[in-house]
Amino acid sequence: MDLTLYVWRQKGPDDQGRLEEYQVKAITPDMSFLEMLDVVNEGLIRAGKEPIAFDHDCREGICGTCSQVINGMPHGPREKTAVCQLHMRSFRDGDTIYIEPWRARAFPVIKDLIVDRSALDRIMQSGGYVSVHTGGVPDANAVLISKADADTAMDAAECIGCGACVAACPNGSAMLFTAAKVAHLAALPQGRTEAARRVCLMTEAMLKQGFGSCSNHYECQAVCPKGISATFIAKLNREFIKAQMPGQ
Amino acid sequence: MNMLESSVGRKLVMSVTGLSMIAFVLVHLLGNTTLFYGPDGINAYAEALHRFGALVWAFRLLLLTVLLLHVFYGIQLTLENRAAKPRAYAIKSSRATTLAGRSMVWSGLLIGGFIFFHLLHFTLQLINPELAAGRHFDSLGRPDVFMMVVLSFRKMPVSLLYLGALAALGLHLMHSLQGAVQTLGLNNERTLPKVMKAGVLAAILIFLGYAAFPITVFTGLLR
Ligand code: HEM
Ligand code: SF4
Ligand code: FES
């Protein structure tokens with residue numbers, strides 16, 4: 001396959017940045033998208049040029065590190081697929097492909113396609129935990145959890161924290177991410193105790209980290225590689241309303 | 001953080017004020033259907049409403065407060081959301097956003113402008129004073145609202161203006177009916193897709209319901 005790439009190149013946080021054109025040859029359909037970029041980078045290194053910086057780690061769709069907007073779609077054209085799991089067979093010979101970093105005020109570009117997503121960590125630090133006594137290992141079935149609740153919590157816990165939801169949202173909102181964390185813990189008895197405090201602290205942190213609010217577009221769930229549902233945002237809203245009730 | 005500082009809290013205000021206005025829009029629509037019963041319908045209805053006297057004004061003030069809250073937070077949230085996305089993609093494709101959803105603040109501002117005109121037109125009756133119901137009375141001595149509405153809508157620019165404003169309202173509601181349900185946290189996996197469809201359908205019905213007045217008058221079906 002021969003391709004024309006337009007890749008966002010930015011030397012550092014203060015650089016203006018620009019799209020640069022690359023002609024890429026001899027790509028095979030069984031390569032992953034990141035392997036295709038590896039090939040491009042080897043060519044750049046051989047030519048004595050700076051390779052394209054992009055984030056990646058597990059390359060098996062579970063860590064949430066890879067993060068590229070491909071032709072205007074976070075994680076590219078395949079639904080429920082992280083960039084590292086995207087293969088070149090999803091493209092055609094002769095295609096032109098635009099590759100840009102996640103864009104949001106809360107995600108400043110560090111270099112090329114790499115953005116700083118620590119704002120999501122700060123939302124987690126504000127309340128995305130449960131307080132427990134340390135010590136001996138608790139009895140496995142000491143706290144009973146219904147199958148339905150366990151399923152809800154597991155569905156929400158699938159979030160890998162990649163930030164594609166923020167990249168896709170016209171408001172640069174982190175509601176899907178935050179909602180997944182709030183809903184995950186609120187569904188479990190261990191998380192109920194701090195549920196009211198948590199939803200207030202985490203949504204406050206979201207605002208303070210520079211993310212927008214939710215206008216109910218649902219672009220987030222459409223790009224989420226893990227298929228996190230926007231109904232978790234409804235659950236976050238429910239938890240927020242409960243937290244405003246007297247006695248909370 | 002205070003609820004009115006939180007972005008989730010302010011969205012709740014948007015939702016509650018929006019739904020209150022929708023309730024008004026529905027009641028107003030129902031009341032207006034008395035137009036189809038001729039002067040005896042709407043003139044009697046208008047007179048009956050005005051018997052509430054001071055209550056009418058209390059209600060108007062309440063509605064104005066609701067509207068101002070909605071407009072204030074709507075503009076504030078929109079500005080915040082734009083600032084949170086300072087840079088656009090060179091190429092943007094989307095899977096879920098709609099024109100209605102992306103133009104909420106514009107459809108809203110058009111509605112706001114229209115509400116201003118509508119109040120001058122049929123409430124204060126300053127736009128066409130020669131048709132003012134406050135100056136013309138029917139055979140039973142009631143302000144002739146029927147005549148005012150019918151003669152106004154016979155004018156093409158007036159009818160078109162009302163239809164345009166109704167289109168803006170329809171667009172606003174196409175996105176916001178489902179949005180308000182979601183903001184209030186009332187969705188689950190089963191309801192979300194249905195609420196989204198029902199919201200669009202209800203918005204279209206509200207549009208058609210109101211559009212019936214200028215259309216039937218202008219085409220001469222109602223005279
Ligand atoms: C008059 C000027 C108006 C303006 C400027 C305005 C503006 C807005 C904006 C910007 C939003 C979206 C907020 C966001 O999520 O980012 C919104 C939502 C909404 N609006 Fe309006 N609007 C107006 C009038 C109305 C009227 C007359 C109604 C009802 C008849 C209405 C009903 C709603 C509803 C139900 C929502 C959804 C709230 C939610 O998503 O939870 N609006 N409005
Ligand atoms: S909700 Fe989905 S898109 Fe958002 S951070 Fe989690 S896995 Fe990524
Ligand atoms: S590199 Fe780990 S999810 Fe893509």
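It should be emphasised that the depicted structure is a prediction, and the values quoted were computed from it without experimental measurement.

## Things to note about the overall build of chain A
- Tallying secondary structure elements over chain A gives nine helices and seven strands in all.
- Counting only residues that meet the buried cut, chain A has 54% of its 248 residues in that class.
- Accessible area for chain A stands at about 11,100 Å²; split by element, carbon and sulfur atoms hold 51% of it.
- Side chains of chain A carry 26 positive and 29 negative charges; the gap between the two charge centres is 4 Å.

## Remarks on the site of ligand 1
- In the neighbourhood of ligand 1, 26 residues make up the surrounding shell, with Ser215(A), Lys11(B), His70(B), His172(B) and Thr183(B) lying closest.
- Among the chains of the assembly, those with residues near ligand 1 are chains A and B.
- Side-chain polar atom of Ser215(A) to an oxygen atom of ligand 1: 2.7 Å apart, as the coordinates give it.
- Side-chain polar atom of His172(B) to a nitrogen atom of ligand 1: 2.9 Å apart, as the coordinates give it.
- Listed by contribution, the elements that provide at least two residues to the shell around ligand 1 are α1 (7-32), α3 (54-83), α5 (104-123) and α7 (156-183) of chain B.
- No other element matches α1(B), which puts seven residues into the shell around ligand 1.

## Some details on the side chain of Ser213(A)
- Structurally, Ser213(A) can be placed in the loop between α7 (195-208) and α8 (219-223).
- You can call Ser213(A) buried: its relative accessible area is 3%.
- In this view, Ser213(A) contacts Asn171(A), Ser173(A), Ser7(B), Leu77(B) and Asn81(B); residues no more than four positions away in its chain are not counted.

## As for the environment of Ala104(A)
- Locating Ala104(A) in the fold gives a position in the loop between β5 (96-100) and β6 (109-111).
- Accessibility expressed as a relative area gives 9% for Ala104(A), which makes it buried.
- C-alpha of Ala104(A) to C-alpha of Leu86(A): the two residues are 18 residues apart in sequence and 23 Å apart in space.
- For Ala104(A), the contacting residues outside a window of four places in its chain are Val166(A), Gly172(A), Ala84(B) and Pro86(B).

## Some points on the site of ligand 2
Residue and element names in this part refer to chain A.
- The environment of ligand 2 is made up of Cys159, Ile160, Gly161, Cys162, Gly163, Ala164, Cys165, Leu176, Phe177, Cys224, Pro225 and Ile228.
- One can see that ligand 2 is located within the second largest cavity.
- Among the elements of the structure, α4 (164-168) and α5 (175-186) are those that each provide at least two residues to the shell around ligand 2.
- Per-class residue counts for the shell around ligand 2 are 10 nonpolar, two polar and no charged.

## Details of the interface of chain A and chain B
- Taken together, the 55 residues of chain A in the interface contact 42 residues of chain B.
- Counting the surface lost from both chain A and chain B, the interface buries some 3,800 Å², and carbon and sulfur atoms represent 55% of this.
- At the junction of chain A and chain B, the tally comes to zero salt bridges.
- Our enumeration of links across chain A and chain B arrives at 32 residue pairs in polar contact (both at pLDDT 80 or more).
- With nine residues, the top contributor of residues to the side of chain A that touches chain B is helix α9 (residues 231-244) of chain A.
- Of the residues contributing to the side of chain A that touches chain B, the split by class is 28 nonpolar, 18 polar and nine charged.

## Some remarks on the coordination of the iron atom of ligand 1
All names here are of chain B.
- The iron atom of ligand 1 binds to the protein through His70 (NE2) and His172 (NE2), with metal-donor distances spanning 2.0 to 2.1 Å.
- The site at the iron atom of ligand 1 holds six donor atoms, and with the angles between them running 86 to 179 degrees, its shape is octahedral. A residue pair is termed long-range when its members are at least 10 positions apart, and His70 in helix α3 and His172 in helix α7 qualify at 102 residues.
- His172 sits in the buried class, given a relative accessible area of 14%.

## Brief notes about the pattern of salt bridges
- Under the counting rule described, the total for this entry stands at 17 salt bridges over all chains.
- Notably, a salt bridge pairs Asp112(A) with Arg9(A), separated by 3.2 Å at the nearest N-O pair. Linking Asp112(A) in the loop between β6 and β7 (114-115) with Arg9(A) in strand β1 (residues 3-9), this pair joins segments that are 103 residues apart in sequence. Summarising the burial analysis for this pair, Asp112(A) and Arg9(A) share the class buried.
- With its nearest N and O atoms 2.6 Å apart, the salt bridge here joins Glu80(B) to Arg10(B). Taken together, the positions of Glu80(B) in helix α3 and Arg10(B) in helix α1 put the pair 70 residues apart, joining distant regions of the chain.
- Put simply, Arg192(A), Lys235(A), Glu239(A) and Lys242(A) are held in one network by salt bridges that share partners.

## With respect to the domain arrangement of chain A
Residue and element names in this part refer to chain A.
- Partitioning chain A into domains gives domain 1 (3-110) and domain 2 (117-244).
- Relative to domain 2, the C-alpha centre of domain 1 lies at a distance of 29 Å.
- Between domain 1 and domain 2, the contact holds 21 residues from the first and 21 residues from the second.
- Summed over both sides, the interface of domain 1 with domain 2 buries roughly 1,500 Å², with 61% coming from carbon and sulfur.
- The largest per-residue losses of area from domain 1 upon contact with domain 2 belong to Lys80, Ala106 and Phe107, which jointly make up 32% of the total buried on that side.

Rules used in this analysis
Here the residue numbering is sequential within each chain, running from 1 through the sequence in written order. Chains carry letters and ligands carry numbers; both start at the beginning, A for chains and 1 for ligands, and go up in the order they are written. The model is predicted, so local features are restricted to residues of pLDDT at least 70 and side-chain atom pairs to those at 80 or more, both for listing and for counting; the totals for chains, interfaces and linings are taken over all residues. To get the side-chain values, take all heavy atoms of the structure and skip hydrogens and water. By the criteria applied, helices consist of DSSP H or I runs no shorter than four residues and strands consist of E runs no shorter than two, each listed in order from the N terminus. To sort residues, take the accessible area from a 1.4 Å probe on protein chains only and compare it with the maximum for the residue type: under 20% means buried, over 50% means exposed, and anything in between is partly exposed. Using a 1.4 Å probe, accessible areas were evaluated by the Shrake-Rupley method; residue-level cover was limited to the displayed protein chains. We score Asp and Glu as negative and Lys and Arg as positive, and we do not count His or the chain ends. Charge placement uses NZ in Lys and CZ in Arg. For Asp and Glu, CG and CD serve respectively. In these notes, residues near a molecule or strand are those with any non-hydrogen atom within 4 Å of it. Think of a polar contact as two N or O atoms within 3.5 Å of one another; within protein, one of them needs to be a possible hydrogen donor and the other a possible acceptor, and neighboring residues in sequence only count if both atoms come from side chains. Residues are treated as being in contact if the distance between any of their heavy atoms lies within 4.5 Å. Both site types are read off a 1 Å grid over the protein atoms alone. A 1.4 Å probe that fits but cannot get out defines a cavity, while an open set with protein on both sides within 12 Å along at least five of seven lines defines a pocket; lining residues have an atom within 4 Å of a point. To qualify as sitting in a cavity or pocket, a molecule needs more than half of its atoms within 2 Å of the grid points. Classes in brief: Ala, Val, Leu, Ile, Met, Phe, Trp, Tyr, Cys and Pro nonpolar; Asp, Glu, Lys and Arg charged; the others, Gly included, polar. Note on terms: buried area is the combined drop in 1.4 Å-probe accessible area of two parts once they are placed together, counting the loss on both. Here, a salt bridge means any Lys or Arg side-chain nitrogen found within 4 Å of an Asp or Glu carboxyl oxygen. Metal donors: N, O and S atoms at distances within 2.8 Å, or within 3.2 Å for Na, K and Ca, with water omitted from the atom set so that some sites may seem incomplete. The geometry test gives tetrahedral to four donors whose angles all lie between 85 and 135 degrees, gives square planar to four donors and octahedral to six donors whose opposite members are over 155 degrees apart with all other angles between 65 and 115, and gives irregular to the rest. Domains are outlined according to an automatic or database domain assignment.

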